[in-house]
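One letter stands for each residue in the lines below.
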Amino acid sequence: MSFIAIICGLKSEGAVVRAALSAAGVHADKFRLGVSGADAACAEDLARKACNAGAGAVLSVGVSGGLDPALRPGDLVIGETVISDNDGRHFDADLYLMRALATAIPAGAKTATLFGADTIIASAAHKSALFKNHGCVAVDMESHGAARAAQGAKVPFIAIRAIADPADRALPRAALGAVAPDGSTKIISTLIECAKRPAEFPELLQLGRDSDAALKTLRRDFGRLFAALLLSLDL
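No experiment lies behind these values; they were computed from the predicted model shown.

Visitor: What is the right way to look at the overall build of the chain in this model?
Guide: The secondary structure content of the chain amounts to 7 helices and 8 strands. Over its C-alpha atoms the chain spans a radius of gyration of 17 Å, differing by no more than 12% from the 18 Å that the globule rule assigns to 235 residues. Along the first, second and third principal axes, the C-alpha atoms of the chain reach 55 × 35 × 35 Å. Scored against the burial criterion, the 235 residues of the chain give a buried share of 52%.

Below is the structure:
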């Protein structure tokens, strides 16, 4: 039986995805979920293995950094194209999947181009440059890897992202090494780093609130979006 592969960067994203699908009544055999640890090479490997195992589609799902100043924490973005950081390649979302989502996308969601970064985009200036130079509205660290594997296997791909940190807000330095290779959050080491720079603590709290807003959006909307994809693929 075919299934949809879902690639997340963080364990927290994966937990929200599972909760959303459970609430929507989606049977566990309809999807396989992998967590890349916010690493494009790992995302590509996970997606490639899923395609080899018979995935009917590959989804990149999770939170993103905002590049478009108009986007705020919790806004939903459907990636029609992903631009890869390391080689500039463009990976287009499958048009059939895009049409399938059309009736399920909530009001206010944006369909636009995403940027797939190999390193953390931390500063507001860097975010602004990506928006101006590439027209990308959001950035994450795994969509381009998952898209590359899907394209290589000729399997439909689409990215569904929710905005966490907005374009005008830099990431606190204590958060830059917060993600472990397995996608978990290194809470203790992050707090230790923050203790070295106590002025960053309010920024870290704000980042947590922004991420919670993004995860809340995914929890609310992803089940309905996934159901539309299942119906279109007849899985």
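More follows now that the structure is in view.
Visitor: Help me out: how do you make sense of unusual backbone geometry in this one?
Guide: Most of the time, phi is negative for any residue but glycine, and the peptide bond is trans. Backbone geometry at Ala-38 places phi at a positive 55 degrees, although glycine is not the residue there. Relative to the elements of secondary structure, Ala-38 occurs in the loop between strand 2 (31–35) and helix 2 (40–52).

Visitor: Looking at this structure, I do not really get the nonpolar core. What am I missing?
Guide: The nonpolar side chains of a soluble globular protein tend to be buried with one another. One finds Ile-6, Leu-59, Val-61, Ile-158, Phe-222 and Phe-226 to be the most contacted residues of the largest nonpolar core, which totals 34 residues. At the level of elements, strand 1 (3–8), helix 1 (11–23), strand 3 (55–66), strand 4 (76–84), helix 3 (95–101), strand 8 (157–163) and helix 7 (201–233) are the ones that each hand at least two residues to this core. No other element matches the 9 residues that helix 7 contributes to this core. Counting 25 residues, the second-largest nonpolar core is a separate cluster that includes Ala-47, Ala-55, Phe-91 and Ala-147.

Visitor: What am I meant to see in the pattern of salt bridges here?
Guide: Should the charged atoms of two oppositely charged side chains come close, the side chains can pair. Considering all chains together, one arrives at 16 salt bridges under this definition. Across the pair Asp-45 and Arg-48 runs a salt bridge whose closest N-O atoms are separated by 3.8 Å. Taken together, the residues Asp-45 and Arg-48, both in helix 2 and 3 residues apart, mark about one turn of the helix. A relative accessible area of 29% means that Asp-45 is categorised as partly exposed. For Arg-48, a relative accessible area of 38% gives the class partly exposed. Each member of the salt-bridge network shares a partner with another, and the members are Glu-44, Asp-45, Arg-48, Lys-49, Asp-87 and Arg-148.

Visitor: Please clarify how the pairing of strand 8 should be interpreted in this entry.
Guide: Within a regular strand, the side chains alternate between the two sheet faces. Summarising burial for strand 8: 7 of the 7 residues are buried, a large majority. Every second residue of strand 8 is oriented toward a common face, with Phe-157, Ala-159, Arg-161 and Ile-163 on one face and Ile-158, Ile-160 and Ala-162 on the other, all of them buried. Strand direction decides the pairing type here: strand 3 and strand 8, joined by 7 bridges, are parallel. Bridge pairing links Ser-60 to Ala-159 in strand 8. Where strand 4 and strand 8 come together, 4 bridges link them in antiparallel fashion. Residue pairing across strands places Ile-78 opposite Ile-160, the latter belonging to strand 8.

Basis of the calculations
- Residues numbered from 1 in each chain as written.
- Predicted model: local features only at pLDDT ≥ 70, side-chain atom pairs only at ≥ 80, totals over all residues.
- Heavy atoms only, no water.
- Helix = DSSP H or I, 4+ residues; strand = E, 2+ residues; numbered from the N terminus.
- Rg over C-alpha atoms; globule rule 2.2 N^0.38 Å.
- Buried < 20%, exposed > 50% of the residue type's maximum accessible area, 1.4 Å probe, protein only.
- Core = buried A, V, L, I, M, F, W, Y, C linked by side-chain atoms within 4.5 Å.
- Salt bridge = Lys/Arg side-chain N within 4 Å of Asp/Glu carboxyl O.
- Pairing = 2+ DSSP bridges.

All quantities given are derived from atomic positions and should not be read as evidence of function.
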